[in-house]
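An overview of the molecular structure
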Amino acid sequence: MDYLDQLESEAIHIMREVAGQFERPALLFSGGKDSITLVHLARKAFRPGKFPFPLVHIDTGHNFQEALDFRDWLANSLGERLIVRYVEDTIREKNLKEPTGRNASRNALQTFTLLDTIEEFEFDACIGGARRDEEKARAKERVFSVRDEFGSWDPKRQRPELWNLYNGRIHKGENVRVFPISNWTELDVWNYIQREKIALPSLYFAHERELLVRDGKLMATAGGVIKPEPDDQIVTRTVRFRTVGDISCTAASESQANTLDAVIAEIQATRISERGETRMDDQMSEAAMEDRKKGGYF
Amino acid sequence: MSMDLLRFITCGSVDDGKSTLIGRLLYDSKSILVDQLEAIERASKTKNQGDGGGIDLALLTDGLRSEREQGITIDVAYRYFQTPVRKFIIVDAPGHIQYTRNMVTGASNCQLAIVLIDARNGVVEQTRRHSLIASLLGIPHIVVAINKMDLVDYAQDAFSDICIQYAELAKKLNVSQVSFIPMSALNGDNVVDRSANMPWYEGPTLLEHLETVELSNDTNLTLPRFPVQYVIRPQTTELHDYRGYAGKINSGAFRVGDAVTVLPSAQTSTISRIEFNEQDLTEAEAGQSVILHLFDDIDISRGDLIVRSDTQPIVAQNVEGMLCWMDTKELKVGSKYVLQVGTARTRCSIREIPYRLNIETYEHVEEVESLKLNDLAKVVLRTAQPVAFDTYALNRTNGGAILIDETSNVTVGAVMLEGET
């Protein structure tokens, strides 16, 4: 079997284990390429049946409109249930203090909304699109990652995971985060998207847009999420996004790649990691991801 | 162009240069990106107080903050790289004695193990331990990486002596294919690039070996096994009678028209359709996730094993196997657990521990009543329901099982099943 077939089959197997072992699973859908890939894999795992889980989006309120439109179009065209919960509502209901200042992001607040949503629907498993190649804390996470009632990841208390046997037995209140594409790299995802002709939001391809230059990074001015400061330079450039997340912490890359072939050629040639290039949230400290995961982030 | 996939485990400790070896593979195969390299360059300078010496490749595999704080490696880490020929998954498991559990976990999915030996020390206790685990877990290919050749002046004699020592050890183990490669991970000799310092070595470099080792015989192709994961029943008007069994073929191949048996109930039927991605296939083989349909409307649910009727597995309630105990709480004779084989789960009790294996001398320690974390032992189990399996030696994907603690829900043991007692 070709390596993409092996990765695909492994991911389908993991999703079916979720369907078989849990009563109320969910698929965390962000509108990014990794979760779009998960949805494609879910079709292969469960069609002609319905998905045994809804798609759940935690909306920071700072998302690109293109990603939201794509999300709604995808859920609609599949005829699958979409649940959206808003960080905005959590901030209001819980009277949370929103981070302010230069590089403020709602990324950390997402965790509160996610945990509330898990509680609201009593989800016992949440499928996510995290990959082990992304970050060193993720490199050590299990495919079935058991979390306590606070969503915390404890790297010292992980269950051994052998062969293709997954143990999803949990106590009430606990839940499991499941990562079917753990063993995929960024390039694997792109090669798969190309092979399977999976549709993506236009953000992933070169387009012209207005941006501000801050600390050497190109940040979108869209939606007025990032408040320009006097020394920020406003420019118009041809860019694409290598990752699509919250506007406040996702940087654009200058690129002319407007087809999948061109994007893949760029990814193959790049000498900078995905998160290093685009994610402001991981550059706060050496252990930024480790800390967020312990706090219940997926 | 079709690329395949190789999962391999690196066995050794920091002292053997394991981290440097992984760093070297990633670095010389150009899998390290600029920002990651800059980060380790900065860290190398801090660590070596800026006095030249180049970059410390071992830092590439540096782990979590909680590990750095305690100076230990907690767990198995997974790393990825690829060449035009293959995608590689490196399973990086800590090498110390107390981490048998982690190495067993990491080794369970691997087709190849790299056993690192320090050329100055030759075969040591740790080598014996790692080789035993690789053999118990049925890893088909072993590469003995004789590292730090620079510290023995790249001498052919040093290499040959260790090969002889290891061949002695391998006789006591069940390993099918062993290759020896002399190298210096620190200097890059024979890792990715051929060494100019060892003209007497004519074999492949490590990467050449990893790229060319033959993998097609690693999966059992003769025993068709299909554990049912999930039953797909859309129950819509147009698919009113649709009933498909979703799963991944563990081993062997199935064809439409094959006579099959569903275990443990032993009901029989014939495959009417094999479906993938809403298209019909005439056959499907080990590794593929598909949907099977049967002619007869029989009672099948998650946990059942569909096999081709002319190749029956063992179906038994009294079974024996080699156990790796993975919990801090001791295992005692008489204790009850949940046994998971494939998708089937049933309660079981530990009837007997015929012996514990000394992981360095390979001697059997008899009259054992309990097992501690990281112990390896022969056990006899009695299950509540019959379980269907093959011996681990014959069919790795249908002979591995886990034990789950019923109260904590934690995975506490791994069993390589050996047969009925």
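For chain A, an unreviewed UniProt entry supplies the name Sulfate adenylyltransferase subunit 2 and the organism Rudanella paleaurantiibacter. Among the UniProt annotations of chain A, the heading Sequence similarities (unreviewed entry) holds the following wording: "Belongs to the PAPS reductase family. CysD subfamily."

Right, let's get into the overall build of chain A. Across its full length, chain A carries nine helices and 10 strands. Against the 2.2 N^0.38 benchmark of 19 Å for 298 residues, chain A shows a C-alpha radius of gyration of 19 Å, consistent with a compact globule. Principal-axis analysis of the C-alpha atoms gives chain A an extent of 55 × 50 × 35 Å. Carbon and sulfur atoms form 48% of the exposed surface of chain A, whose accessible area is close to 11200 Å². The centroid of the 43 positive side-chain charges in chain A is displaced by 3 Å from the centroid of its 50 negative side-chain charges.

A word on the overall build of chain B. Helices and strands together make up the secondary structure of chain B, namely seven helices and 24 strands. Counting only C-alpha atoms and orienting by the principal axes, one finds that chain B spans roughly 75 × 55 × 40 Å. Looking at the 421 residues of chain B, the share that counts as buried comes to 59%. In chain B, once contacts between residues fewer than 6 apart in sequence are set aside, the share between residues at least 24 apart is 70%. Within the structure as shown, chain B displays about 17200 Å² of accessible surface, and the carbon and sulfur contribution to it stands at 47%. On chain B, the mean spot of the 39 positive side-chain charges and the mean spot of the 56 negative ones are 4 Å from each other.

Attention now moves to the interface of chain B and chain A. Listed as interface residues are 77 residues of chain B and, on the opposing side, 62 residues of chain A. Taken together, both faces of the contact between chain B and chain A bury some 5900 Å²; the carbon and sulfur share is 52%. Applying the counting criterion to the chain B and chain A interface returns three salt bridges. In this structure, the salt-bridge partner of R7 of chain B is E10 of chain A, at a minimum N-O distance of 2.7 Å. Here chain B and chain A share 27 residue pairs in polar contact (both at pLDDT 80 or more) between them. A total of five residues in the side of chain B that touches chain A trace back to one element, the largest contributor, which is helix α3 (residues 65–70) of chain B.

A word on the domain arrangement of chain B. Residue and element names in this part refer to chain B. Considered domain by domain, chain B is made up of domain 1 (4–212), domain 2 (225–308) and domain 3 (314–420). With 25 residues of domain 1 at the interface, the matching set in domain 3 holds 15 residues. Here domain 1 packs against domain 3, burying approximately 1600 Å² in sum over the two surfaces, 61% of which is carbon and sulfur. On the domain 1 side of the interface with domain 3, the three residues burying the most area are R101, L132 and L136, jointly 35% of the side's total. Linking domain 1 with domain 3 are one salt bridge, by the criterion used here. Between R129 and E360 there is a salt bridge whose closest N-O contact spans 2.9 Å. Among the secondary structure elements, those contributing two or more residues to the side of domain 1 that touches domain 3 are α4 (100–107) and α5 (125–136). Among the elements that line the side of domain 1 that touches domain 3, the one with the most residues is α5, at seven residues.

Time to look at the packing of aromatic side chains. All chains considered together, the criterion is met by 18 aromatic pairs over all chains. Taking 5.7 Å as the distance between ring centres and 85° as the angle between the ring planes, the aromatic pair formed by F46 of chain A and F53 of chain A counts as edge-to-face. Taking relative accessible area as the criterion, F46 of chain A reaches 1% and is therefore assigned buried. Each residue in the set F46, F51 and F53 of chain A together with Y230 of chain B is aromatic and connected to the rest through ring pairs, giving one cluster. The side chain of R132 of chain A reaches across the aromatic face of Y78 of chain B, ending 3.8 Å from its centre. Taking the ring centre of Y362 of chain B as reference, the NZ or CZ of R128 of chain B above it sits at 5.0 Å.

What follows is about the domain arrangement of chain A. By a frequent convention, interface size equals the accessible area lost on bringing the separate parts together. All names here are of chain A. One can read the domain layout of chain A as domain 1 (3–189 + 287–294) and domain 2 (201–282). Of note, the centres of domain 1 and domain 2, computed from C-alpha atoms alone, are 24 Å apart. Each partner contributes to the interface: domain 1 provides 26 residues, whereas domain 2 provides 27 residues. Taken together, the two surfaces of domain 1 and domain 2 that pack against each other cover about 2300 Å², and 50% of this comes from carbon and sulfur. Counting across the domain 1 and domain 2 interface gives two salt bridges.

Let's shift gears to the packing of helix α1 (residues 3–21) of chain A against helix α6 (residues 186–196) of chain A. All names here are of chain A. At a minimum axis separation of 11 Å, α1 and α6 run at an interaxial angle of 95°. For the element pair α1 / α6, the angle class is roughly perpendicular. Contact residues: Y3, L4, D5, L7 and E8 in α1; D188, N191, Y192, R195 and E196 in α6.

Each regular strand shows side chains that alternate between the opposite faces of the sheet. Residue and element names in this part refer to chain B. Bridging between strand β18 (residues 336–341) and strand β19 (residues 344–357) involves six bridges; their strand directions are antiparallel. Its bridge partner lying in β19, L339 is registered against T346. The turn linking β18 back onto β19 is made up of two residues, and G342 within it adopts a positive phi angle of 60°. In this sheet, strand β22 (residues 376–389) lies alongside β19 in antiparallel orientation, the contact comprising seven bridges. Directly across from I350, in β22, lies its bridge partner L381. Two elements, β19 and strand β20 (residues 364–366), share three bridges in a ladder whose sense is antiparallel. Opposite L357, over in β20, you have H364 as the bridge partner. What sits between β19 and β20 in their antiparallel hairpin is a turn of six residues, with Y362 showing a positive phi close to 65°.

Residue and element names in this part refer to chain A. This model, assessed by the stated rule, comprises 47 salt bridges over all chains. For D34, the salt bridge identified is with K33, shortest N-O distance 3.6 Å. It is possible to trace a salt-bridge network through shared partners that takes in D2, D5, E8, K44, R195 and E196.

Attention shifts here to the side chain of T113 of chain A. All names here are of chain A. With respect to the helices and strands, the residue T113 is situated in helix α5 (residues 110–121). By relative accessible area, which is 2% here, T113 ends up buried. Polar contacts involving the side chain of T113 include one to the side chain of T90, which spans 2.7 Å.

The next point concerns helix α6 (residues 156–171) of chain B. Residue and element names in this part refer to chain B. Taking 1.5 Å of rise per residue, 16 residues should cover 22 Å, and α6 covers 23 Å from first to last C-alpha, within 8% of that figure. Along α6, the residues that are buried comprise A158, F159, I162, C163, Y166, L169 and A170. Looking down the long axis of α6, one finds its buried residues gathered within 135° of arc, a one-sided arrangement. Relative to its buried face, α6 has exposed residues pointing more than 90 degrees away, namely D157, I164 and K171.

Here the focus is the sheet that holds strand β8 (residues 217–220) of chain A. Residues and elements named next belong to chain A. Spatially, four strands are ordered β7-β8-β10-β9 in a closed barrel, and the strand pairing comes out antiparallel. Between one strand axis and the next, the sheet turns by 65° as a mean value, whatever way the strands run. As judged from the three bridges shared by strand β9 (residues 233–241) and strand β10 (residues 251–254), these two strands associate in the antiparallel manner. Residue pairing in the sheet places F241 in a bridge with A252 of β10.

Turning our eyes to something else, we now look at helix α1 (residues 18–28) of chain B. All names here are of chain B. A large share of α1 lies buried, amounting to 10 of its 11 residues. Listed in full, the buried residues belonging to α1 are K18, S19, T20, L21, I22, G23, R24, L25, L26 and D28. In this structure, the buried residues of α1 make contact with β1 (4–11), β2 (77–82), β3 (86–92), β4 (112–118) and α7 (206–212). One or two steps after α1, the chain reaches K30, where phi turns positive at roughly 60°.

Cut-offs and rules
Residues numbered from 1 in each chain as written. Chains lettered and ligands numbered in written order. Predicted model: local features only at pLDDT ≥ 70, side-chain atom pairs only at ≥ 80, totals over all residues. Heavy atoms only, no water. UniProt positions renumbered as here; feature names shortened; annotations may be inferred. Helix = DSSP H or I, 4+ residues; strand = E, 2+ residues; numbered from the N terminus. Rg over C-alpha atoms; globule rule 2.2 N^0.38 Å. Areas by Shrake-Rupley, 256 points an atom, 1.4 Å probe, with all protein chains shown as cover. Lys, Arg positive; Asp, Glu negative; His and termini not counted. Charge placed at Lys NZ, Arg CZ, Asp CG, Glu CD. Buried < 20%, exposed > 50% of the residue type's maximum accessible area, 1.4 Å probe, protein only. Contact = heavy atoms within 4.5 Å. Buried area = accessible area lost by both parts, 1.4 Å probe. Salt bridge = Lys/Arg side-chain N within 4 Å of Asp/Glu carboxyl O. Polar contact = N/O pair within 3.5 Å; in protein donor to acceptor, adjacent residues only side chain to side chain. Domains from an automatic or database assignment. Phe/Tyr/Trp six-rings, centres within 6.5 Å; stacked < 30°, edge-to-face > 60°. Lys NZ or Arg CZ within 6 Å of the ring centre and 35° of its normal. Axes fitted to C-alpha atoms, helices over the stretch in contact; angles between N-to-C directions. Parallel < 35°, antiparallel > 145°, perpendicular 65-115°, else oblique. Pairing = 2+ DSSP bridges. Expected span 1.5 Å × (residues − 1). Arc of directions from axis to C-beta.

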